Amino acid sequence: MMPTHLSLAFLALGALSVPRSSCKSLSRPSAPIWGRLERFRGSGLSSKGLRSGRMITQSSIATTPSFKAPPSGDFWEWKGHKIRYRSAVDSNGAKDNPIVILVHGFGGNCEHWRKNLPDVSTYADAYAVDLLGNSNKKNSKYNPLNPPPGFGYSDKPKPPAPYPSPDQLYTFETWGEQLRDFAREVAGANSDRKVFFICNSVGSVAGLQAAVYDPDITAGLMLIDPSLRMLHWSKQFPLQRPLTSALQTLLRETALGQWFFEQVATEKGVRSVLEQAYHDKATVTDELVKAILNPGLLPGATEVFLDFISYSGGPLPEELIPEMKCPVQIVWGEKDPWEPLELGRQTFSQLPNIQEFVVLPGVGHCPMDEAPDRVNPLIRGFVDRNGATS
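Rules used throughout
- Residues numbered from 1 in each chain as written.
- Predicted model: local features only at pLDDT ≥ 70, side-chain atom pairs only at ≥ 80, totals over all residues.
- Heavy atoms only, no water.
- pLDDT = per-residue confidence, 0-100.
- Helix = DSSP H or I, 4+ residues; strand = E, 2+ residues; numbered from the N terminus.
- Contact = heavy atoms within 4.5 Å.
- Salt bridge = Lys/Arg side-chain N within 4 Å of Asp/Glu carboxyl O.
- Buried < 20%, exposed > 50% of the residue type's maximum accessible area, 1.4 Å probe, protein only.

Right, let's get into the confidence of the model for the chain. With 64% of its residues at a pLDDT of 70 or more, the chain has an overall mean of 73. The weakest mean pLDDT in the chain belongs to helix 1 (residues 4-16) at 39; the strongest belongs to strand 6 (residues 218-224) at 98. Taken together, the stretch residues 1-68 has pLDDT below 50 and engages in 264 contacts with residues farther than four places along the chain or on a different chain. The low-confidence segment residues 133-151 (pLDDT under 50) makes 63 contacts with residues lying over four places distant or belonging to another chain.

The full count for this structure, using the stated rule, is 15 salt bridges. Where Glu-177 meets Lys-79, a salt bridge forms, and the shortest distance between an N and an O atom there is 2.9 Å. Of this pair, Glu-177 sits in helix 3 (residues 172-185) while Lys-79 sits in the loop between strand 1 (74-78) and strand 2 (81-88), and the two are 98 residues apart along the sequence. With a relative accessible area of 35%, Lys-79 lands in the partly exposed category. Here Asp-130 ties to Arg-84 by a salt bridge, and the two come within 3.4 Å at their closest N and O atoms. One end of the pair, Asp-130, is in the loop between strand 4 (125-129) and helix 3; the other, Arg-84, is in strand 2, and 46 residues separate them in sequence. Its relative accessible area of 1% is what places Arg-84 among the buried residues. Salt bridges sharing partners connect three or more residues here, namely Arg-84, Arg-86, Glu-111 and Asp-130.

This paragraph deals with the environment of Phe-182. The residue Phe-182 is located in helix 3 in this model. According to the relative accessible area criterion, Phe-182 is buried, its value standing at 0%. When the C-alpha positions of Phe-182 and Ile-101 are compared, they lie 9.2 Å apart, and in sequence the two are 81 residues distant. Setting aside anything within four residues of it in sequence, one finds Phe-182 in contact with Trp-76, Tyr-85, Ile-101, Tyr-127, Val-129 and Ala-187.

Right under this line is the structure:
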């Protein structure tokens, strides 16, 4: 799912998408270009009852008539940026507890795991972190009253240049570095006490990239409805590539992008698209809708949205999985309208290191939130099966 105030933009794309009617060929997806403007959907949710963890430095954002302050969280400084995370760690617990890091997709934030973090904390040191873009330049002095655009409630540096510039901020390489460093510096992962990455949607590619960067500390990855990245240049028709590029440029460099984003920055618009992502419409609550809408009202959301939709390169999950030195489990919502199950099977089921491919009947794109009663036991089973020091 998506880091929060980017979510509205990608929810708009979801509203325009048409589910693929056929999944016969990775190089011939059938949905029109609007429907394939990357299936990066998500949601950020409020959090209740989680135990606070290490490095507690509360931050606040001033409320305005249109924006409510975010849920509280801990902050970690990474390359000059403050990264928000939530933790459920027993400070008096065993030092050999497994480490589990929960990774949201493009549009969610760490609150998206609010139904999972408490359960995971009963047998592991559990963390959920807001992904964030970063560049080679240090961010300006942090000002919580006027945060720049980006992911969740972490610092949000302004994109200096769009893809394919090497200065583009929001890439899987950036997020992989962030997760690797978070695992070592905050969660305390090392070669003797390894980490499990449990990831949803685009967060799956970020988790895989982190494992490529530091296989010595990675015990395993669970990928929940991983992104198929159908806007990647290698998955487009040759004649389609100029059209995709032209559309990305049009949105990024004209007022159309801002207009497009604003069309869904309403409770009605957000609810409509969430009801596409979640098969069980009853799970699309007022709390969920407001949690996505409120961060989307912060300034700068459009800039980050336009930066990321220009990103048609970078790694593919099917390229990274064969590089894994650890087991990988895939979990897929049968009714995911954005990442079709059959295309997922075709892409991943025969790859090495796939320990299990689990299908959840009657569930959409975010099973960990829509059906936590089914996902939480899968997470524990995966951790128990593969150990923390393997």
